[in-house]
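Structural overview
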Amino acid sequence: MVWRDAQPVQGLTKEGEKTSYILTDGLKEAEPHSLTVYVEVACNGLFGAGKGSLIAPPDPDKKFTLNKAELVVFNRDVHELLVDFEILVDMAKVLGEENQRSFQTLYVANQMVNLLDVTDSCTFPAVRHLASSIFSQKNGESQHTIHAMGHCHIDSAWLWPYEESIRKCARSWVTVIRLMEKNPEFTFVCSQAQQFEWVRNWYPGLYAQIQDYAKEGRFIPVGGTWVEMDGNLPSGESMVRQFLQGQRFFQQQFGKLCSEFWLPDTFGYSAQLPQLMRGCGIRWFLTQKLSWSLVNTFPHSTFFWEGIDGSQVLTHFPPGNSYALKGRVEEMLKTMNNNRDKGRVNHSAALFGFGDGGGGPTQKMLDRLKRMSDTDGLPRVQMSTPDRFFSMLEKEKTQLFTWIGELFLELHNGTYTTQAQIKKGNRECERILHDAEVLSSFALTQKNTFQYPSIKLQHLWRLLLLNQFHDVLPGSCIQLVVEDAMRYYAEIRSMCGLLIKDAVRSLFGELLPTGPETAESLLVLNTLPWERTEVISRTGAKTLALVKVPSMGCSAVEESLTPPHPVTVTKQADGSVTMENGVIAAHLDSMGRVMSLRLVHSGRESVQDGHCANQFVIFDDVPLYWDAWDVMDYHLETRKPITTLLKPLEIVLAGGLRGSVKFSLQISEWSVITQEVILDAMCPYLRFLTQVDWNEAHRFLKVEFPLQVRSMNATYEIQFGHLQRPTHWNTSWDWARFEVWSHKWMDLSEHGFGVALLNDCKYGASVHKNVMSLSLLRAPKSPDPTADIGPHEFTYAVMPHRGSFQEAGVIRYAYNLNFPLHTVPAVSAQCPAWSAFSVHSPAVVLETVKQAEDRLDGLVVRLYESHGSTVVTWLQTSLPVKEAISCDLLERPDPSSHLPLEEHGLKLSFTPFQVRSVLLILRQ
């Protein structure tokens, strides 16, 4: 980057066609004839510093050399001639022999060569006049219109760390500013509030120029999110916060909200996104990534996308299938010809500028597009804005098709599993931020002196949201980025732990030990919105207790409850073990495989006859190219069960409140699985606490559960809801989903019975026929050669159930597994059980309790309907609430929707999978 007068003035990139900085347009005699510029050079190219291939790990010894720096005089006439000639030759090539326009342009290009004398600049005007004879011939009114927008996709981290992305933003955006000074029609769209915040903090002079051009409507913030996040793995609440933080930033810094969601490079799109967009002030959506699908071609370019709740957004996939066009003739023709909604829509978007590693548009790209603004034989190309473009599409919306459900990318399925520690960090930090907000909100309502830690929480949320960028959370980044991400997760865990301690001290200070006195009892805190009866470990002691804790509240525990049926663990002569708790009964062989899993009451068996569940299997995992990203369907042909026993099954806890058994398996000479299988009193699921020492290369570890269940569809949890995917491979659309993503649970049910598989940090999954598989670990070698190597710990659980998964409470039990009860030593048990919130209907989940963004005396609660039903329910609270108002996901109150506070609380109605936010105003 070139610096002049202590300000960045020009980005330079060899690969990005930016190799010059204009010192002056014309030096006047009176001006100083010497100046000093500084050139800042980074030791990486546009795509990092990989050795040998794009996605190779960085080479620490890679050297870059500045070979030449010279003062030159730019010849504008020659440049213009070359662009004229390039466009005409490209038209001749691309329009094809059947098009007479192709021959016209070829003929004129030939005449230009004949007329030009490169040694005589006097011939230049006549040659340019020849070219203009083509460019001056205009299109008819029916010609397709392309809305061109400058674009510069900058991955916030990928083959370079976050720190380098800050410099990429400055290099790319200062170049955009220079182009805007010279090209008054040029418009540029730019997403990711985090990147604006980086430039604001590190390059304030550049940021002030960006704000000036934003006021003119030329440097246009888009997207509305903190980063361009992964579209599958973040929780529903994380996705809300992406929009909340992004939209509030753009409103505060640029005076307006974004109307379009901008996510061109993410690996699939959750079916809950349309509702979240609409709730955050967004009506339009743009991406192009589904053009990467390996199997099926998506049938539309412009359409309505409908989510699981029925919300719709107008959606456009630029038909050029790129967010980094170069303004070439062939790209514009592809954009027109590849439009899959011809006859319905006559407008397309074209995003031009070097991308991924930054760079952005160049003067040559702008010069090409000017010549195609209205040239017969080519689509009409005009500089545009998202507002102008989508407004044109709105006029044609009555003719558009609707796509319902997820936008599944048939590629990059490995990103649901790669870099397991990042996935675990994400899930754990989503949980701990939830708990810190819930407990801080309770403390705020109980003590006037408590200061809600809003600034700290915003900082921690922004760290989490940054790590949800679409090359970080998916695991498709270099080792330096993984180290950054893990450091941010550690900061979130540490600071949230302190915030939770502060809130607990404020709530229960008089009950907590202050000195050497011994704690006589235990305070147990529940941050979930239903009563829970669970076995806990007493703090600091090896003893267990069965406790009952009210919904979003606490109770003091001195003595354990007595379960109606204690856990029994019985070892058989053949080394197998039977575990039972009055709800379920499991029989495990000496290798820890589940040979039988029955519901005690009905005797219904879960495991398929002649098969065993909890079967670890390993696959060869060698993708065609995108190592960290892809798992190919052919890996399924290499399945090998893991059957080498290292330590046979032995009893750890013999029963009572908890029974458990432990065993170890040898994966290979380098890798080992150790697993403790746990059954708690009154618990409907069998839990598998798993430790893996993993030292493999290009191998994929899964665990399988073949079930005595037959169903055409399996159900998977997504953000604020669930969806079904087929268990068969009838069509190419079905088998392309051989590896899918899910959140805390998935379920396979037939009428009256089913089995759910719960987990605490895994996302990759599949259900084919009757076999449910959870993807555990991969071992790619690019772009991080150390990906997933080392120790791992995770938990999953299997839950057979009567009836539907909704009736059986699968959703609640999956939350329970992910949100353990908090235990705090107390000096006294004189604390009556207390509940802050409860929801009457089991279908409605109270997901979030937090302080309102703009009202210190307000809480925002967010609830969603989780069963897929229409329901009316009561939200009860013991907090001092004086007023309740419906608001959107950006917490903007609906003045016409004041909710009456009644004796039973707040009466709320929901349609299937609806997300609702309510602003509660507290009495002082």
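Residues numbered from 1 in each chain as written. Predicted model: local features only at pLDDT ≥ 70, side-chain atom pairs only at ≥ 80, totals over all residues. Heavy atoms only, no water.

- Looking at an unreviewed UniProt entry, one finds the chain named Alpha-mannosidase 2C1 and attributed to Terrapene triunguis.
- One UniProt comment on the chain, placed under Catalytic activity (unreviewed entry), says "Hydrolysis of terminal, non-reducing alpha-D-mannose residues in alpha-D-mannosides." (UniProt positions renumbered as here; feature names shortened; annotations may be inferred.)

**Overview of the side chain of Ser596**
- Locating Ser596 in the fold gives a position in strand β21 (residues 594-599).
- A polar contact of 2.6 Å, which involves the side chain of Ser596, links it to the side chain of Glu605.
- Other than its neighbours up to four places away in sequence, Ser596 contacts Ala585, Ala586, His587, Glu605 and Val607. (Helix = DSSP H or I, 4+ residues; strand = E, 2+ residues; numbered from the N terminus. Polar contact = N/O pair within 3.5 Å; in protein donor to acceptor, adjacent residues only side chain to side chain. Contact = heavy atoms within 4.5 Å.)

**Overview of the pairing of strand β20 (residues 584-588)**
- Along β20, four of the five residues are buried, which leaves the element largely enclosed by surrounding structure.
- Hairpin connection, strand β19 (residues 577-580) to β20: the antiparallel pair is bridged by three residues, and Gly582 has positive phi, about 85 degrees.
- Of the pairings in the sheet, the one linking β20 to β21 comprises five bridges and is antiparallel in character. Across the sheet, residue Ala585 finds its bridge partner in β21, namely Arg598.
- The antiparallel hairpin formed by β20 and β21 contains five residues in its connecting segment, where Gly592 sits at a positive phi of about 80 degrees. (Buried < 20%, exposed > 50% of the residue type's maximum accessible area, 1.4 Å probe, protein only. Pairing = 2+ DSSP bridges.)

**As for the side chain of Glu696**
- Tracing the sequence through the fold places Glu696 in the loop between β27 (686-694) and β28 (699-706).
- Judged by relative accessible area, which is 5%, Glu696 ranks as buried.
- A polar contact of 2.5 Å, which involves the side chain of Glu696, links it to the side chain of Ser671.
- A distance of 3.3 Å separates the side chain of Glu696 from the side chain of Arg699, its partner in a polar contact.
- Beyond its immediate stretch of four places on either side in the chain, Glu696 contacts Ile667, Ser668, Trp670, Ser671, Ala779, Lys781 and Ile789.

**A closer look at the nonpolar core**
- Core analysis: the biggest nonpolar cluster contains 254 residues, and Phe219 and Phe837 have the highest contact counts within it.
- Of all hydrophobic cores here, the second largest spans 18 residues; its members include Trp262, Tyr323, Leu351 and Phe389. (Core = buried A, V, L, I, M, F, W, Y, C linked by side-chain atoms within 4.5 Å.)

**Digging into the packing of helix α12 (residues 420-446) against helix α13 (residues 454-467)**
- As a packed pair, α12 and α13 sit with axes 11 Å apart at the nearest point and diverge in direction by 160 degrees. The pairing of α12 with α13 is recorded here as roughly antiparallel in orientation. Here α12 runs over α13; the crossing is left-handed. Residues Asn426, Cys429, Glu430, Leu433, Ala436 and Glu437 of α12 form the contact with α13, whose participating residues are Leu457, Leu460, Trp461 and Leu464.
- Among the residues forming the contact of α12 with α13, the class breakdown is seven nonpolar, one polar and two charged. (Axes fitted to C-alpha atoms, helices over the stretch in contact; angles between N-to-C directions. Parallel < 35°, antiparallel > 145°, perpendicular 65-115°, else oblique. Left-handed = near helix turned anticlockwise from the far one by under 90°. Nonpolar A, V, L, I, M, F, W, Y, C, P; charged D, E, K, R; others polar.)

**Remarks on the sheet that holds strand β34 (residues 764-768)**
- In spatial order, the strands read β23-β22-β28-β35-β34-β31; together these six strands make up an open sheet with antiparallel pairing. Edge positions in the open sheet fall to β23 (640-641) and β31 (740-741), since each of these has one partner strand only.
- As paired elements, β28 and strand β35 (residues 771-777) share six bridges and run antiparallel to each other. In the strand pairing of β35, Lys702 is matched with Ser775.

**Quick look at the UniProt feature "domain: Glycoside hydrolase family 38 central" (unreviewed entry) in the chain**
- In the numbering adopted here, UniProt assigns the feature "domain: Glycoside hydrolase family 38 central" (unreviewed entry) to residues 410-489.
- What you have in residues 410-489 is 65% helix and 0% strand, and the ends, taken at the C-alpha atoms, are 30 Å apart.

**Some points on the packing of helix α4 (residues 162-182) against helix α6 (residues 204-215)**
- With their axes 10 Å apart at the nearest point, α4 and α6 run at an angle of 45 degrees to one another. Here α4 is positioned oblique relative to α6, judged by the angle of their axes. When you trace α4 past α6, the crossing you get is left-handed. Here Ala170, Trp173, Val174, Ile177, Arg178, Met180 and Glu181 of α4 lie close against α6, whose contacting residues are Leu206, Gln209, Ile210 and Tyr213.
- The residue inventory of the contact of α4 with α6, partitioned by class, reads eight nonpolar, one polar and two charged.

**Overview of the sheet that holds strand β46 (residues 905-910)**
- In spatial order, the strands read β39-β42-β46-β45; together these four strands make up an open sheet with antiparallel pairing. Whereas interior strands pair on both sides, the edge strands pair on one side only; in this sheet they are β39 (837-839) and β45 (901-902).
- For β39 and strand β42 (residues 871-877), the ladder comprises three bridges, and the chain directions are antiparallel. Of the residues in β42, the one forming a bridge with Val839 is Leu875.

**Here's the deal with a nonpolar patch on the surface**
- A cluster of nonpolar side chains, Leu23, Leu35, Val37 and Leu71, forms an exposed patch at the surface whose accessible area comes to about 360 Å².
- Within the fold, Leu23 resides in the loop between β2 (7-10) and β3 (37-39). (Patch = residues over 30% accessible without salt bridge, like charges linked within 9 Å, V, L, I, M, F, W, Y side chains within 5 Å. Areas by Shrake-Rupley, 256 points an atom, 1.4 Å probe, with all protein chains shown as cover. Salt bridge = Lys/Arg side-chain N within 4 Å of Asp/Glu carboxyl O.)

**A look at unusual backbone geometry**
- Residue Ser782 is joined to Pro783 through a cis peptide bond whose omega torsion reads 5 degrees.
- Mapped onto the secondary structure, Pro783 falls in the loop between β35 and β36 (790-802).
- The backbone phi angle of His412 is positive, close to 60 degrees, even though this residue is not glycine.
- When you line up the elements, His412 lands in the loop between β13 (402-404) and α12.
- Classification of His412 as buried rests on a relative accessible area of 2%.

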